[in-house]
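Structural overview
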Amino acid sequence: MADDAPRWRRRKTDRPGEILDAALSVFAEKGYAAAKLTEIAHRAGVSKAALYLYFETKEDLFRAAARTLVAPNLTEMAGALEASEAPFADLAPALLAGAAAVLADGRTVTIARMVIAESRNFPDLARIWREDVVEQVLAIVTRLVVRAQDAGEVRAGDPRLYAFSLMGPLVMGGLFHAVFGEEGAPDLEALAAQHARTAMNGLLITPQES
């Protein structure tokens, strides 16, 4: 009996993560409106009653799933970039490459597409995605731009608008994959590298200007 107890405790601890993985799959396949908590529970290998022990509503489940999908990558990326003393010319390409890796997962842009499609009927979806994902990304990039401006590396301008400019092409590329499939879709890693080179030409202050 003692040998079984640790496995049981570990299994119980894993349940929220398994539920969230199942929820992401169902949301991506069915959309928010058609996603049923019964199916999510079934895929997670738990009862619907057990699911309710962790998440009271489908909105709670979506919020937690959105955070699980993106937050760990954002936290790790933000910590590494903000701790680095490298110049913006090196940090921006690393940031864009990291964003390309997140988008390459496929689920991120699929969920984003779902939010866009269903936000009129479920406005809280858009609010949750904006607060927990979009604003977090923009905040990271904006802080890096402000720091680079203070260091005399980046031209004067609205840092938040610069953040939109930097991230926009990758979001577009990711949505292309999600909406139209692989045919004609850009290689996200190559897009990130090329866009970084192009953006740096417009953002960075040249020695002649300093």
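Residues numbered from 1 in each chain as written. Predicted model: local features only at pLDDT ≥ 70, side-chain atom pairs only at ≥ 80, totals over all residues. Heavy atoms only, no water.

1. Remarks on helix α9 (residues 188–203)
Keep this limit in mind: Every helix listed is a DSSP run of H or I at least four residues long, and every strand listed is a run of E at least two residues long, numbered separately from the N terminus. Every helix has an expected span of 1.5 Å times one less than the residues it contains. Burial classes: relative accessible area under 20% of the type maximum marks a residue as buried, over 50% as exposed, and values in between as partly exposed (1.4 Å probe, protein chains only). Summarising the geometry, the arc corresponds to the directions from the helix axis toward the C-beta atoms. Residue contacts are counted whenever heavy atoms from the two residues lie within 4.5 Å of one another. Polar contacts here mean pairs of N or O atoms no more than 3.5 Å apart (in protein, one a potential hydrogen donor and the other a potential acceptor; neighbouring residues in sequence count only if both atoms are side-chain atoms).
In this model, α9 (16 residues) spans 21 Å end to end at C-alpha, consistent with the 22 Å of a helix rising 1.5 Å per residue. Buried residues of α9: Leu188, Ala192, His195, Ala196, Ala199, Met200 and Leu203, and no others. For α9, the angular spread of the buried residues around the axis is 135°, confining them to a single face. Exposed residues on α9 whose side chains face more than 90 degrees from its buried face are Gln194, Arg197, Thr198 and Asn201. Those residues of α9 that are buried lie in contact with α5 (88–104) and α8 (159–180). Where α9 begins, one side-chain oxygen reaches toward the backbone nitrogen of glutamate 189, 3.0 Å away; that side chain belongs to aspartate 187.

2. So, the packing of aromatic side chains
One pair of aromatic rings is described through two measures. These are the centre distance and the angle between the planes. Note the following rule: Pairing of aromatic side chains here covers Phe, Tyr and the six-membered ring of Trp, requires ring centres within 6.5 Å, and sorts the geometry by plane angle: under 30 degrees stacked, over 60 edge-to-face, intermediate tilted.
In this structure the tally under the stated criterion is 5 aromatic pairs. Considering the side-chain rings of tyrosine 32 and phenylalanine 62, the 6.0 Å spacing of their centres and the 80° angle between planes classify their relative orientation as edge-to-face. Within this pair, whereas tyrosine 32 is found in the loop between α1 (4–30) and α2 (37–44), its partner phenylalanine 62 is found in helix α4 (residues 58–83), the two being separated by 30 residues in sequence. Residue classification places phenylalanine 62 among the buried residues on the basis of a relative accessible area of 1%. With centroids separated by 5.0 Å and ring planes inclined at 70°, the aromatic side chains of tyrosine 32 and phenylalanine 122 adopt a geometry described as edge-to-face.

3. So, α2
All of the buried residues along α2 are Leu37, Ile40, Ala41 and Ala44. Buried residues of α2, viewed axially, fall in a sector of 100°; they line one side. Of the residues flanking the end of α2, it is glycine 45, one or two places downstream, whose phi is positive at about 75°.

4. Let's talk about the side chain of aspartate 132
Its location among the elements puts aspartate 132 in helix α7 (residues 123–150). For aspartate 132, the contacting residues outside a window of four places in its chain are Arg63 and Arg67.

5. Quick word on the environment of tyrosine 54
If you trace the backbone, tyrosine 54 turns up in helix α3 (residues 48–54). On the basis of relative accessibility, which here comes to 28%, the residue tyrosine 54 falls in the partly exposed class.

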